Amino acid sequence: MQTRYADGRAAVTHDASAEFTADTLQVSVGETRHAWPYAELHRADDGAGRVILKRKPDTGERLYLSEYDSTRLQDAAPALFKPRASGVEGRATVAGLTAAAWSLAAVFLLGVPMAAEPIAGQVPPRYREQIADISWSQVGTFTDYCDDSDEAARILNDMAYRMMTASNVEMRDEVWITIVDAPFPNAFALPDNSIVVTDDLMALAEHPDELTGVIAHEIAHIEHNHVMKGIIRSVGAGIFFDIVFGGAGAGQMVAIASVNLASLRYSRGDETDADLRGLDYLDAAGIDAGGLARLFERFQEEADEEAPGASSIPTMLSSHPATDARAAAARARSRQGLAPSISPADWQIVRAACGAAMVEDVETPVEGPAPTTPPTTPSAPAPIPPEVATKPE
Amino acid sequence: MTVEAAPTQSFAHTGKLFNVLGLAFKNAALNILTLTLYRFWARTAMRRRLWSRASVMGDPLEYTGTASELFRGFLIALPTFFLPAILIFYIAPLFMDPTTAFWLAAGFYLIAIPLIAAARYWMRRYQLSRTRWRGIKLGLAGSAGAFAWASFGWQILQTLSLGWYTPVARMNRAKMMWENARFGDQPFEFIDDGEPPQRGLWLPFALGWFAFPIAYFGGIILVIMIVAGMAGAGVAFPTSEEFTPGVIIGIGVGAILLMLLLVLLLWAPYNAAAMNRIASLISLDGARFQLKAKTFPLFFISLAGWIITILSLGLLAPVGGYLQVRYVLNRLEIIGTPKFAEIGQSIVADSEAGESLGDAFDLDMGVGVI
């Protein structure tokens with residue numbers, strides 16, 4: 001294999017010879033001589049081990065060195081055999097990119113969540129309603145309206161209103177509970193201060209205090225504006241993934257999914273906050289937190305038995321922190337001898353709503369004294385938002 | 001005196017799988033470390049390696065693009081593509097009335113069709129302008145806008161014809177691309193050989209077109225046969241109680257994988273035929289090209305690429321791209337020899353915007369679209 005030279009003006013090569021001085025490569029092509037300083041050279045090798053040299057800036061000239069000349073070049077200009085001469089980036093580049101990426105991540109994934117609370121507080125009601133409309137349309141895709149749940153909804157709303165009044169929750173007139181038919185046990189809050197309770201959750205509850213505990217938790221999410229904070233966090237994460245990952249691939253799918261209701265998650269801190277505040281509501285309203293503890297314990301047992309990923313545990317209960325710890329926290333606030341939060345007669349109505357009793361056999365109606373605090377009178381019901389008074393679509 | 005190498009093969013790719021795999025793993029690790037910001041450097045390194053292993057008449061191709069060019073393209077795409085996309089997909093649904101938000105999103109998707117075609121053209125222009133052989137640059141002249149709108153029209157015809165216009169559209173796109181491609185100052189030609197360009201594509205296309213129903217029913221029949229066979233052998237399913245969710249999900253996933261496999265297999269003859277036909281119509285200074293892509297090897301190469309890509313969550317996608325590039329180059333031949341001594345340096349303007357939208361739309365597998 002001999003040394004060849006391409007002049008960058010035509011797609012042919014010429015026989016050439018090379019001489020290596022202290023700082024210059026002398027290339028002879030016929031009668032013509034070229035002087036290439038080593039400092040201006042770069043490598044453009046093929047994959048077969050042949051050294052190919054080019055100039056910087058690129059003139060199109062190429063020198064295809066023979067094996068013999070390659071060895072001589074290594075002795076004369078060892079710098080040309082370092083990765084950088086072949087265009088491999090230095091460690092500083094990788095370090096800079098790493099720092100830039102993680103700084104961006106810190107801004108979006110830490111900064112945005114930290115700013116979520118003040119931002120959420122500034123979202124005007126008009127936009128909040130608009131976001132709620134989107135949420136409701138998404139709820140409508142996986143739930144059905146219950147046409148026999150009005151009375152049950154009234155009972156739950158009365159109970160919730162009593163609880164909020166006892167704790168002086170400011171937006172108690174805005175909170176409204178809707179019962180829906182869904183194939184999973186769950187309860188969740190929406191941006192318009194609605195709480196959606198599924199019939200499966202009502203069927204799963206063995207005591208009214210269990211359901212009341214869940215509702216108290218959701219009211220706490222509303223009172224502390226966790227829903228809007230969650231949305232802002234998700235949008236921030238989505239924008240981050242979109243910008244950093246770029247493209248229409250996995251990054252954008254994550255990004256688009258982040259504004260989907262189903263993917264919204266409360267932070268661990270929000271969950272703990274809602275747990276504690278929910279227990280405060282129960283305390284203030286004279287409701288035994290032991291019901292919630294039993295529910296947590298039962299779901300923990302079920303989770304232990306179920307295959308990973310096959311959980312039917314409500315979102316509210318499957319989030320962090322660990323269910324064991326939450327059960328223990330609720331158990332610590334339990335008070336014996338209190339009346340159930342919903343009377344046995346009303347509980348029967350709730351259990352029968354929306355076909356809930358059909359989901360699984362209804363336990364014997366709860367026996368016990370009447371509620372210690374009378375339910376709110378019809379003159380003081382929570383207002384019914386127009387979009388939830390009818391089918392939530 | 002000019003010297004022409006004495007090639008045993010006009011085109012060849014000498015890349016070794018483990019060599020490419022090693023670089024792909026390094027790139028994957030650095031992509032994770034940098035939350036994918038390293039992807040521009042990774043793509044450049046992989047192209048440099050793959051190009052350098054591709055030889056034409058004994059001399060290697062050379063990739064001269066840089067990561068900073070790709071990164072600059074990405075920075076250009078940020079305000080021109082990502083910010084409008086963020087506005088439309090994040091802000092509009094939350095803070096605009098639903099009708100406006102819907103029409104904004106619909107408009108975005110509509111514009112995306114010609115935009116993707118334009119992005120593909122820009123991407124190819126960039127890649128060709130950063131490819132050299134014997135120091136001579138390749139290039140792509142012509143207008144990305146013209147290609148985009150023509151592609152948009154062909155896309156409409158494809159839709160209206162329920163896909164049957166696809167072979168014509170594919171050849172039209174290839175014609176437009178190759179007629180604007182240059183090696184140095186020499187244009188490639190997409191010749192008229194007296195036959196329609198899509199000659200020989202209809203039968204394999206029909207097989208592909210019917211692939212989905214064939215795969216759908218074939219998959220169902222095969223699953224039934226498997227289940228019946230297992231039941232007959234007393235292996236499983238004597239009672240309905242054994243149809244646990246795990247078993248049902250397993251059968252469902254298996255059936256879907258089987259269907260995808262069949263669809264890929266049934267499209268392979270069309271893809272092989274189209275690639276061979278396009279190659280046969282390309283000419284450079286009177287020299288013609290011949291590609292001998294075969295259905296089953298192409299199917300297995302594509303399958304291997306998909307499996308590697310899926311199992312690595314996309315991180316090793318360039319390995320799939322490498323397999324395809326190697327397969328094509330090792331089966332490509334040149335008939336006749338262009339007068340290389342008369343082919344001068346390229347006069348087509350270089351692309352300055354990197355691949356910008358090409359990255360936004362993820363148009364390549366981390367290798368290239370040449």
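Rules and cut-offs
Along every chain, residues carry numbers that run from 1 in the direction the sequence is written. Key to labels: chains lettered from A, ligands numbered from 1, both in the order written. Note on the predicted model: pLDDT of at least 70 is required for a residue's local features to be given, and 80 or more for side-chain atom pairs to be given and counted; whole-chain, interface and lining totals, by contrast, use all residues. Elements are defined by DSSP. Helices are runs of H or I of four residues or more, strands are runs of E of two residues or more, and each kind is numbered from the N terminus. Exposure in this text rests on C-beta crowding, where 20 or more other C-beta atoms within 10 Å of a residue's own make it buried, 12 or fewer make it exposed, and counts in between make it partly exposed. The C-beta atoms are placed from the backbone. We call two residues in contact when their backbone-placed C-beta atoms lie within 7 Å. Here, any two strands with at least 2 DSSP bridges between them count as paired. A fitted line through C-alpha atoms represents every axis, and for helices the fit uses only the stretch in contact; the resulting angles, taken between N-to-C directions, go from 0 to 180 degrees. The crossing is said to be left-handed when, going from far helix to near helix, the turn is anticlockwise and less than a right angle, and right-handed when the turn is clockwise. Ten residue types, Ala, Val, Leu, Ile, Met, Phe, Trp, Tyr, Cys and Pro, are classed as nonpolar, four, Asp, Glu, Lys and Arg, as charged, and the remainder, Gly among them, as polar. A helix is expected to span 1.5 Å for every residue after the first. Angle categories: roughly parallel below 35 degrees, roughly antiparallel above 145, roughly perpendicular from 65 to 115, and oblique for all the rest. Core membership is restricted to buried Ala, Val, Leu, Ile, Met, Phe, Trp, Tyr and Cys residues, and these are joined into a nonpolar core through C-beta atoms within 7 Å. pLDDT expresses, on a scale from 0 to 100, how confident the predictor is about each individual residue.

## Describing the overall build of chain B
- Of the regular secondary structure elements, chain B holds twelve helices and eleven strands.
- Counting the 370 residues in chain B, one finds 40% classified as buried.
- Long-range pairs, those at least 24 residues apart, make up 76% of the contacts in chain B with a sequence separation of at least 6.

## Brief notes about the pairing of strand β4 (residues 24–29) of chain A
All names here are of chain A.
- Judged from the four bridges that link them, strand β3 (residues 17–20) and β4 form a sheet pairing that is antiparallel. Residue pairing in the sheet places phenylalanine 20 in a bridge with leucine 25 of β4.
- The antiparallel pairing of β3 with β4 creates a hairpin that spans three residues between the two strands.
- Where β4 lies against strand β5 (residues 32–37), six bridges are found, and the strand directions are antiparallel. Each bridged residue has a counterpart across the sheet, and for leucine 25 the counterpart in β5 is tryptophan 36.
- Where β4 hands over to β5, the hairpin turn is made up of two residues, of which glycine 30 adopts a positive phi near 60°.

## Things to note about the packing of helix α6 (residues 208–223) of chain A against helix α9 (residues 268–284) of chain A
Residues and elements named next belong to chain A.
- Closest axis-to-axis distance for the α6/α9 pair is 8 Å, and the angle between their directions is 120°. For the element pair α6 and α9, the recorded crossing hand is right-handed. Two secondary-structure elements touch here, α6 through Gly213, Ala216, His217, Ile219, Ala220, His221 and Glu223 and α9 through Asp273, Ala274, Asp275, Arg277, Gly278, Tyr281 and Leu282.
- Looking at the contact of α6 with α9 residue by residue, the class counts come to six nonpolar, four polar and four charged.

## Points about the sheet that holds β5 of chain A
Residues and elements named next belong to chain A.
- A sheet is described by the order of its strands in space; here three strands give the open sequence β3-β4-β5, paired in antiparallel fashion. Taken across any chain shown, the strands that pair with only one partner, and hence form the sheet edges, are β3 and β5. Neighbour-to-neighbour, the strand axes of the sheet open up by a mean angle of 20°, direction not taken into account.

## Some words on helix α10 (residues 290–305) of chain A
- Between its first and last C-alpha atoms α10 of chain A spans 23 Å; for 16 residues at 1.5 Å apiece the expected length is 22 Å, and the two agree.
- Buried within α10 of chain A are the following residues: Gly290, Gly291, Leu292, Ala293, Arg294, Leu295, Phe296 and Phe299 of chain A.

## Looking at the interface of chain A and chain B
- Each partner contributes residues to the interface: chain A has 46 residues there, and chain B has 45 residues.
- For the side of chain A that touches chain B, the secondary structure elements donating two or more residues are β1 (4–6), β2 (13–15), α2 (91–122), α3 (125–142), α7 (226–245) and α8 (250–257) of chain A.
- Within the side of chain A that touches chain B, the residues separate by chemical class into 23 nonpolar, 13 polar and ten charged.

## Notes on the sheet that holds strand β10 (residues 176–181) of chain A
All names here are of chain A.
- With mixed pairing, four strands are arranged side by side in an open sheet as β9-β10-β12-β11. With partners counted over all chains shown, the strands left at the sheet margins are β9 (144–145) and β11 (187–189), one partner each.
- With respect to the sheet, helix α4 (residues 150–166) is in contact with β10 and β12 (194–198), its orientation differing from that of β10 by roughly 145°.
- Set on the sheet, α6 makes contact with β10, β11 and β12; between it and β11 the angle comes to about 15°.

## Looking at the packing of α4 of chain A against helix α13 (residues 344–352) of chain A
Residue and element names in this part refer to chain A.
- Remark: α4 packs on α13, axes separated minimally by 8 Å, with the N-to-C direction vectors making an angle of 130°. One finds that α4 runs oblique with respect to α13. The hand of the α4/α13 crossing is left-handed. Here Glu151, Ala152, Ile155 and Leu156 of α4 come into contact with α13, specifically with Asp346, Ile349 and Val350.
- Its residues assigned to classes, the contact of α4 with α13 shows five nonpolar, no polar and two charged.

## Focus on the nonpolar core
- Ranked by size, the top nonpolar core spans 142 residues in total, and within it Leu156, Ala160, Val197, Ile215 and Ile219 of chain A carry the most contacts.
- Top contributing element to this core by residue count: helix α9 (residues 245–281) of chain B, with twelve residues.
- Residues contacting leucine 156 of chain A, with those up to four places away along its chain left out, are Ile177, Val197, Ile215 and Val350 of chain A.

## A word on the confidence of the model for chain B
Residue and element names in this part refer to chain B.
- Chain-level pLDDT for chain B is 85 on average; 88% of the residues reach the 70-or-more range.
- Low pLDDT, under 50, characterises residues 1–8; the predicted model gives this stretch 14 contacts beyond four residues in sequence or across chains.
- Two numbers describe this predicted complex: its pTM, 0.73, and its ipTM, 0.82.

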